[in-house]
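The chain contents come next:
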Amino acid sequence: MSKKKLDITPLPNQKQQYVKVTGDCTTILCKKITDQLPAWRERVARLLKEHGSFKVCDVTIDQVYGGIRGVQIQVSDISYVDPLEGIRIRGYTIPELLKVLPRSEGSEFPLAGGLYYMLMANQLPTPAEAWLIEAEWQCRRMMPEEVYDVIRAMPADTHPMTLFSMGILALQGESNFAREYATGIHKLDYWETYLEDSLNLTAKLPSLAAFIYNLKYRKDDQIEPHPDLDWSANFAHMIGKGEDREYQDLCRLFFLLHSDHEGGNVSAHAAHLVGSALSDVYLACSAGMNGLAGPLHGLANQECIRWLLDVRAQFDQFPTRQQIRDFAVQTLKNGKVIPGYGHAVLRITDPRFTAQLEFAKKYMPDDELFRLVNLVYEVVPDVLKESGKVKNPWPNVDAINGTLQYHYGVREFDFYTVLFGVSRILGLTAHVVWSRVLGKPIERPKSLTTRMLEDMVYGAKEQDGQPGL
Ligand SMILES: CC(C)(COP(=O)(O)OP(=O)(O)OC[C@H]1O[C@@H](n2cnc3c(N)ncnc32)[C@H](O)[C@@H]1OP(=O)(O)O)[C@@H](O)C(=O)NCCC(=O)NCCS
C-alpha cells in the first residue's frame, strides 16, 4: 500500500511547525466526525431531555472515601472495560483489534495510524485510511528546537516521565485551539482545533520519547525519523533499533495495547478533567501523563521489572515456586504492593497481559525473565487471594510489558512509563476531542465534610461537640 502524497503549506507568519495539510488527509477525520456529529449530539440531548433525572447509581460512604471506585460518573464511547472480559476499544476486544486493524507489509501487528483512525473516527479503517494517518503524522512530526532546549536544561537525574510531560508542555505554545479561542471561535467548533492539536501532538510523540531516551541513555546520539517507517517502527528506529524487525513489531503491539482503558483511570480522567476547563490538548495530556507517572498507575511497569529483578537477584539459581511465594509474602508483609497485579475494574487476567504473553511465547520463550514472569503468574495470584483483601489477584498489563522491552535491550526501566505515555496519549486525545464534540461541560463534582457524613448517618444532634465544618 503506497502512502498518499500530502501537500503541506506553512501557515502565513508562522513557524514551519504550524503546518496546514491539504489534500485527502486534511479533512478525513474532520469529515468522519462531522458526519456522525448530529446523530451523537441528538442522542445525548434526547437522553438528557427525556431522562436527565434517571438515577444511574447510588454512592456509598465506602465509595466517597474509597477513590470513587465503581461510581459511574462519566461516559466514554471510545472504550469500555468489562470486569470479566477486559477492554473493548470502539467495540473490539484486544484479539479482535489485532486481527482486524491494517498492518504494514511484512509486519504481524497493526499500524498505530489505523488504531488512531478508529479511536477518532469510530470506524474500522481501510489500509489506505490507516496510511493516511501515518502520512499525516509524518507531515506534522517536526519538533521545535525549544522543546529539546527545555529538556536539556533539566538536571541529568530528572525522571524521564517528568521530561516527557515537560516536553508536551513545552509544545503548548503551538496550540491551535488556544490561539483560536483567543480570537473567539464558536464553542460548537472547538473540537476541530482540538483535533488539529491532537494530530500535531501525537505526530511528535515518538520523536519526543526517542529524544529523551537518547539524551539519557545513548550519549545524546540522536537519530532522525525515517520517512518510510510507520509511527511505531520509527520510534524503534530513532532509539537505534531500526534493523530489529521483531522490536519494531513489539513497539506496534505495545503502542496498541496501552492506548486506552476507558475514561475513569487516572490518566484518562485527569486529561478529561483538565480538558473540561477548556485547557488545550497539550495541557490536558501533560496532566494525564503526570497521573500516569504514579506507581499505582503507569509507573507500575518500571516497578514490576524492578521487583522481578529483585526476585532474581535474591537467589543464586533460577528461583523455585516456594522461593517466589516467600518473596511475594514478604513484599506484602513489608507493606508494599506486588506491582503488575490487581486492578480497580478488571476481575480476570488482563487481556493486554495475555497478548504480550503470546508475543513472548513466540519470540522469546527461553528468556530467563520471561520464564520468571510465567512462574510468578503461577504463584502470586494465590498469595494475593490468601491476603483476603485484594479484589483482583490477576496480572495486569504491567506484569510483563517491561520484560519484553528488557529482552530487546531497552533495559533502562525508568523509561518504560514513557513508552506507556506515548501510546496512552492516542486514547487521551480521542477522549478530549470527543468531549468537545459532545460539548461536555466543565467537570465539577461536589465534596462533603466528614461531619456532614456523620450528620447524615448518626443525626446532627449526636455530633454536637465534634470538630469539623
Ligand atoms: C491497581 C490497584 C491500584 C487497584 O487498587 P484497588 O482498586 O484499590 O484494589 P483493591 O480494591 O483490590 O484493593 C484492596 C486492597 O488490596 C491491596 N492490593 C491490591 N492490589 C495489590 C497488589 N498487587 N499487591 C498488594 N496489595 C494489593 C490494596 O492496596 C488494598 O489494600 P488496603 O485495603 O490495605 O489499602 C492495585 O491493585 C495495585 O496497587 N496494584 C499494584 C500496582 C499496579 O500494578 N498498578 C497498575 C494497574 S494497571
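Quick caveat, the model's predicted, so the values are computed rather than measured.

Calculation criteria
Residues numbered from 1 in each chain as written. Predicted model: local features only at pLDDT ≥ 70, side-chain atom pairs only at ≥ 80, totals over all residues. Heavy atoms only, no water. Helix = DSSP H or I, 4+ residues; strand = E, 2+ residues; numbered from the N terminus. Rg over C-alpha atoms; globule rule 2.2 N^0.38 Å. Buried < 20%, exposed > 50% of the residue type's maximum accessible area, 1.4 Å probe, protein only. Contact = heavy atoms within 4.5 Å. Areas by Shrake-Rupley, 256 points an atom, 1.4 Å probe, with all protein chains shown as cover. Lys, Arg positive; Asp, Glu negative; His and termini not counted. Charge placed at Lys NZ, Arg CZ, Asp CG, Glu CD. Polar contact = N/O pair within 3.5 Å; in protein donor to acceptor, adjacent residues only side chain to side chain. Near = heavy atom within 4 Å. Nonpolar A, V, L, I, M, F, W, Y, C, P; charged D, E, K, R; others polar. Salt bridge = Lys/Arg side-chain N within 4 Å of Asp/Glu carboxyl O. Patch = residues over 30% accessible without salt bridge, like charges linked within 9 Å, V, L, I, M, F, W, Y side chains within 5 Å. Pairing = 2+ DSSP bridges.

Overview of the overall build of the chain
Right, so step 1: Scanning the chain from terminus to terminus reveals 20 helices and 5 strands.
Right, so step 2: At 23 Å, the chain has a C-alpha radius of gyration in line with the 23 Å of a compact globule built from 469 residues.
Right, so step 3: Dimensions along the principal axes, computed over C-alpha positions, put the chain at roughly 65 × 65 × 45 Å.
Right, so step 4: Taken across its 469 residues, the chain has 52% of its residues classed as buried.
Right, so step 5: Counting only contacts in the chain whose residues sit at least 6 apart along the sequence, the fraction spanning at least 24 positions is 74%.
Right, so step 6: Taken as a whole, the chain presents about 21800 Å² of accessible surface, with 54% of it coming from carbon and sulfur.
Right, so step 7: Here the chain contributes 51 positive and 58 negative side-chain charges, whose respective centroids are spaced 3 Å apart.

Some words on the side chain of threonine 349
Right, so step 1: Structurally, threonine 349 can be placed in the loop between helix H15 (321-333) and helix H16 (351-363).
Right, so step 2: For threonine 349, a relative accessible area of 16% gives the class buried.
Right, so step 3: Within the structure, the side chain of threonine 349 is placed 2.9 Å from the side chain of tyrosine 377, a separation counted as a polar contact.
Right, so step 4: The contact partners of threonine 349, leaving out residues within four places of it in the chain, are Thr354, Tyr377, Trp394 and Pro395.

Structural notes on the site of the ligand
Right, so step 1: Near the ligand lie 19 residues; those nearest to it are Arg69, Gly340, Tyr341, Lys389 and Lys391.
Right, so step 2: For the ligand, an oxygen atom lies 3.0 Å from a polar atom in the side chain of asparagine 396.
Right, so step 3: Protein chains shield 75% of the accessible area of the ligand, which is 840 Å² for the free molecule.
Right, so step 4: A class-by-class count of the residues in the shell around the ligand yields 10 nonpolar, 5 polar and 4 charged.

Section: the pattern of salt bridges
Oppositely charged side chains are able to pair whenever their charged atoms sit close together.
Right, so step 1: Under the counting rule described, the total for this entry stands at 21 salt bridges.
Right, so step 2: Of the charged contacts in the structure, one is a salt bridge between glutamate 174 and lysine 204, with a shortest N-O distance of 3.7 Å. Highlighted residues: glutamate 174 in the loop between helix H7 (160-170) and helix H8 (176-183) and lysine 204 in helix H9 (residues 190-217), separated in sequence by 30 residues.
Right, so step 3: Lysine 204 sits in the buried class, given a relative accessible area of 1%.
Right, so step 4: In this structure, the salt-bridge partner of aspartate 249 is arginine 252, at a minimum N-O distance of 2.9 Å. Here aspartate 249 pairs with arginine 252, and both are found in helix H11 (residues 245-257), just 3 residues apart, close to one helical turn. No difference in accessibility class separates aspartate 249 from arginine 252, as the two residues are buried.

Here we look at the environment of glycine 67
Right, so step 1: Relative to the assigned elements, glycine 67 resides in the loop between helix H2 (61-65) and strand E3 (79-82).
Right, so step 2: Residue classification places glycine 67 among the partly exposed residues on the basis of a relative accessible area of 47%.
Right, so step 3: The spatial distance from the C-alpha of glycine 67 to the C-alpha of alanine 344 is 9.9 Å, given a sequence separation of 277 residues.

As for a nonpolar patch on the surface
Right, so step 1: Residues Val59, Ile61, Val64, Tyr65, Leu448, Met452, Met456, Val457 and Tyr458 make up a contiguous nonpolar surface patch of about 900 Å² in total accessible area.
Right, so step 2: Put simply, the parts of the chain that give the nonpolar patch at least two residues each are H2 and helix H20 (450-458).
Right, so step 3: At 4 residues, H20 tops the list of elements feeding residues into the nonpolar patch.
Right, so step 4: Looking at the element boundaries, isoleucine 61 is found in helix H2.

Describing the pairing of strand E4 (residues 86-89)
If a strand is regular, its side chains alternate between the two faces of the sheet.
Right, so step 1: Note: E3 against E4, 4 bridges, orientation antiparallel. Across the sheet, residue valine 81 finds its bridge partner in E4, namely isoleucine 87.
Right, so step 2: In sequence, E3 turns back onto E4 through a hairpin of 3 residues.
Right, so step 3: As defined by bridge partners, E4 adjoins strand E5 (residues 92-93) across 2 bridges and the pair is classed as antiparallel. In the sheet register, isoleucine 89 faces E5, and the bridge partner there is tyrosine 92.

Focus on the side chain of arginine 312
Right, so step 1: Inspection of the secondary structure puts arginine 312 in helix H14 (residues 300-314).
Right, so step 2: With relative accessibility at 19%, the residue arginine 312 sits in the buried group.
Right, so step 3: Ignoring sequence-local partners within four residues, the contact set of arginine 312 consists of Gln317, Phe318, Pro319, Glu368 and Leu372.

As for the sheet that holds E4
Right, so step 1: Sheet architecture is open: 3 strands sit in the order E3-E4-E5, paired in antiparallel fashion. The open sheet has two edge strands, E3 and E5, and neither has a second partner.

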